[in-house]
Amino acid sequence: MTDMAAMLRLELAGKTGSDGWGKALDMVPRERFLGDAIFQFDEARGGLWRLARRVDLPQHEWLALVYADVTLVTQVDGVMAGDATGAVAGSPTSSSTRPSLVVRMLEAAGIQEGDKVLEIGTGTGYSTALMCQRLGNKAVCSIEYDPVVAGRARDAITSAGYAPTLVEGDGLLGYAEKAPYDRLISTCAVRTIPQAWPEQIRVGGTITTPMSGWMHETAFAHLTVMEDGSATGRLLADDLYFMTARAHVPPQRPPLVKGIGDARDTEVDPAILEHRTGLWVAQLAAPQAQIAWGENVTFLVDAGTGSRAEIRPDAAGGWTVLQHGPVRLWDAVEEAIGTWQSAGSPHQSGFGLTVTRESQRVWLGDPDGPSWYLPV
C-alpha cells in the first residue's frame, strides 16, 4: 500500500504542474485525511449520497479514488461518512477539495516560505498539512467551525506528523491570539468579508477567499490590506466553487407563487442569468434575493421583505416581468445587467472589491467605476 500510495502521490504532484507545491503533494498522504469512507453522489438513486468504504474496495481501487484529482465529500448535512450506515440525502457540509484546486488557491494567495498563514476552514486537514509541509508547523494556524470535523482533522494531522495551531471555533472571527498574519486563505465561501479578517492581517498582507451570495454565484477575491485598515483588490480569473460558510447561507426560500405583482415589459432576457457572470451581476444588484426557475419562468424572491419578481416570455417574442413588494428586484437587476453589458460583459475578473470598516463595495473596471454595495 505504501509503494502504491507513494506512486500515486508522485503522479498527482506531477499533474498539478506546481513547482512550489509539488513536493508537498508528493509528501502528504491524502488517504490519512479521508478516514475509512466517503460519500459519492448517486443521481440514479434519487440523488442520494451513497457510501464508498475502504473496507469494501480492493486496496488499489480505494487508493485510486483517494488520489484522483476530484473533490471527495466527507460529510452531508452534518453526517460524517464514517458514521453513516447507508446512503443519505442532503447537501455536502465538508469535503476534501480537489488537490489541483487547493494548489490553485495556495498559489493565488501567493503563499511561500516565510509566510505566517491563517486558514479558515480546516476541513479534513489536507490543505493544512500541505502548508505545514512547505512552511513549517509554526507558520500555520487553521480554524474549523464543526467540532466533529475539527476533531477528526486534528487526529489526521497529528497522525501524519504535523503540529500546526488548530482552533475549533468560528473562522469568521479569525484568531487574534496569533495575529498578525501575512496571508489569510479561506476554504469556504463568504457573502461579505468578516470585519475581523483585515484587522488580523499585517499591512501589505493578503486575504484570498471565494465570495458567494444568495443566488449561489461565486467569485474569487484576492485583497491587500492597506495602512488605513481597508483591504482592496481585483477579483481573480479562476472559476471555482467552495461550500458557503454556514453563517452566510441564505434563509429558507418562500414558496413560489405565480401571477403576483405589477406587470411591465422588459428588454432583458432572463436567460442572461444562466450565464455565470450575468448571475453574479444580478446577485450584486439584488443581494437579498434568491433565484429559481420553473416552466419557462424565472423567479426572484426576497424572503426578508416579501418582494418578488416573475419574468416570463410574452406572445410577441419578448418578456414580461411582474413585480410585487417594496423592493423592485427586477428593476435593480435590469439596470445592473445594462451597466455590465455596456462595459463589454466582462468576466468576474473585470470587477474588484474594496472593504472598509463602514462598507464593502464591488466595483466594475476600476475603483471609480460603477459599483454595488454588499449587505454588511
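To be clear, the structure that these remarks concern was listed above.
Below is a short write-up of the structure. (Residues numbered from 1 in each chain as written. Predicted model: local features only at pLDDT ≥ 70, side-chain atom pairs only at ≥ 80, totals over all residues. Heavy atoms only, no water.)

**Remarks on the overall build of the protein chain**
Under the convention used in this document: Only runs of H or I of at least four residues qualify as helices and only runs of E of at least two qualify as strands under DSSP, and these elements are numbered from the N terminus. Our radius of gyration is a C-alpha quantity, and the globule rule it is checked against amounts to 2.2 Å times the number of residues to the power 0.38. Contact between two residues is taken to exist if any of their heavy atoms lie within 4.5 Å; hydrogens are not considered. Values of accessible area rely on a 1.4 Å probe in the Shrake-Rupley scheme; residue burial ignores everything except the protein chains shown. Two residue types count as positive, namely Lys and Arg, and two as negative, namely Asp and Glu; His and chain ends fall outside the count. Where a charge lies is defined by one atom per residue type, namely NZ (Lys), CZ (Arg), CG (Asp) and CD (Glu).
Assigned secondary structure in the protein chain consists of nine helices and 20 strands. Taken over C-alpha atoms, the radius of gyration comes to 22 Å for the protein chain, in line with the 21 Å a tight globule of 376 residues would show. A separation threshold of at least 6 residues defines the contact pool for the protein chain, and within that pool the share at least 24 residues apart is 60%. Surface accessibility of the protein chain: about 16500 Å² in total, with carbon and sulfur atoms responsible for 50%. Averaging the locations of the 31 positively and 45 negatively charged side chains of the protein chain gives two centres separated by 5 Å.

**Side note on the nonpolar core**
Quick reminder of the rule: Throughout this description, the term nonpolar core refers to a set of buried Ala, Val, Leu, Ile, Met, Phe, Trp, Tyr and Cys residues connected via side-chain atoms within 4.5 Å. Buried residues are those whose accessible area, probed at 1.4 Å on protein chains only, stays under 20% of the maximum for their type, while exposed residues exceed 50% and partly exposed ones sit between those limits.
Core analysis: the largest hydrophobic core is formed by 52 residues, its most contacted members being Leu273, Trp280, Trp330, Val333, Phe351 and Leu353. One finds Leu101, Val103, Tyr126 and Leu166 within the second-largest nonpolar core, a separate group that totals 43 residues.

**Concerning empty space enclosed by the protein**
As a reminder, the rule being used: The rule is simple: put a 1 Å grid over the protein atoms alone, call a set of points where a 1.4 Å probe fits but cannot get out a cavity, call an open set with protein on both sides within 12 Å along at least five of seven lines a pocket, and count a residue as lining if it has an atom within 4 Å of a point. Grid points are joined across faces, edges and corners, and a volume is the space filled by probe spheres set on the points. Any residue that is not Ala, Val, Leu, Ile, Met, Phe, Trp, Tyr, Cys, Pro, Asp, Glu, Lys or Arg is counted as polar, Gly included; the first ten are nonpolar and the last four charged.
Applying the stated criterion across every chain, the model contains three cavities of 30 Å³ or more. In this structure, the largest cavity encloses a volume near 100 Å³. Considering the residues around the largest cavity, the lining is formed by Arg191, Met211, Ser212, Gly213, Trp214, Trp280, Gln283, Leu284, Pro287, Leu374 and Pro375. Broken down by element, the residue count for the lining of the largest cavity peaks at three residues, all from helix α8 (residues 276-285). Tallied by class, residues from the lining of the largest cavity come to seven nonpolar, three polar and one charged.

**Some remarks on unusual backbone geometry**
With an omega of 0 degrees, the peptide bond between Ala179 and Pro180 qualifies as cis. Inspection of the secondary structure assignment puts Pro180 in the loop between β8 (165-168) and β9 (181-186). For His216, which is not a glycine, the phi torsion comes out positive at approximately 70 degrees. When you line up the elements, His216 lands in the loop between β10 (201-212) and β11 (218-225). Positive phi, normally seen in glycine, also occurs at Asn296, with a value near 65 degrees. The residue Asn296 is located in the loop between β14 (289-294) and β15 (297-302) in this model. Taking the relative accessible area as the measure of exposure, Asn296 reaches 62% and is therefore exposed.

**Some details on the state of the cysteines**
Inclusion rule: For the purposes of this analysis, a disulfide is any pair of cysteine sulfur atoms at a distance within 2.5 Å.
Tallied over the full model, the rule gives zero disulfides. The thiol sulfur of Cys132 is not disulfide-bonded, and the nearest other cysteine sulfur, from Cys141, lies at 10 Å. Given the relative accessible area of 3%, Cys141 is considered buried.

**Details of the pattern of salt bridges**
Applicable threshold: What counts as a salt bridge is simple: a side-chain nitrogen of Lys or Arg found within 4 Å of a carboxyl oxygen of Asp or Glu.
Scanning the entire structure with this criterion turns up 15 salt bridges. Here Glu31 makes a salt bridge to Arg9, at a shortest N to O gap of 3.9 Å. With Glu31 in the loop between α2 (22-27) and β1 (37-42) and Arg9 in helix α1 (residues 2-16), this residue pair connects regions lying 22 residues apart in the sequence. Assessed through its relative accessible area of 16%, Glu31 is described here as buried. In this structure Arg9 comes out as buried when scored by relative accessible area, which is 13%. Residues Asp115 and Arg183 are paired through a salt bridge, measuring 3.2 Å at the closest nitrogen-oxygen approach. Highlighted residues: Asp115 in the loop between α4 (99-108) and β6 (117-120) and Arg183 in strand β9, separated in sequence by 68 residues. Judged by its relative accessible area of 10%, Asp115 is buried. Taken together, the shared-partner salt bridges connect Arg264, Asp331 and Glu334 into one network.

**Quick word on the pairing of β1**
Worth spelling out the cut-off: For two strands to be treated as a pair, DSSP must find at least two bridges joining them.
Pairing of β1 with strand β2 (residues 48-53), which is carried by six bridges, proceeds in the antiparallel orientation. Of the residues in β2, the one forming a bridge with Phe39 is Leu51. Linking two consecutive strands that pair antiparallel, namely β1 and β2, is a turn of five residues; a positive phi of about 75 degrees is found at Gly46 within it.

**Thoughts on the packing of aromatic side chains**
This is how it is decided: Each Phe, Tyr or Trp ring, with Trp reduced to its six-membered ring, pairs with another whose centre is within 6.5 Å; inter-plane angles below 30 degrees give stacked pairs, above 60 give edge-to-face pairs, and intermediate values give tilted ones. A ring has a charge above it when a Lys NZ or an Arg CZ is no more than 6 Å from the ring centre and no more than 35 degrees off the ring normal.
Overall, the coordinates contain three aromatic pairs when judged by the stated rule. Here Lys116 stacks its cationic end above the ring of Tyr181, 5.4 Å away from the centre of that ring. It is Arg134 that lies over the ring of Trp21; its NZ or CZ is 4.7 Å from the centre.

**Considerations on the environment of Pro210**
Summarising the element assignment, Pro210 is placed in strand β10. Other than its neighbours up to four places away in sequence, Pro210 contacts Met105, Ser186, Cys188, Ala189, Val190, Ala219, Phe220, Leu240 and Phe242.

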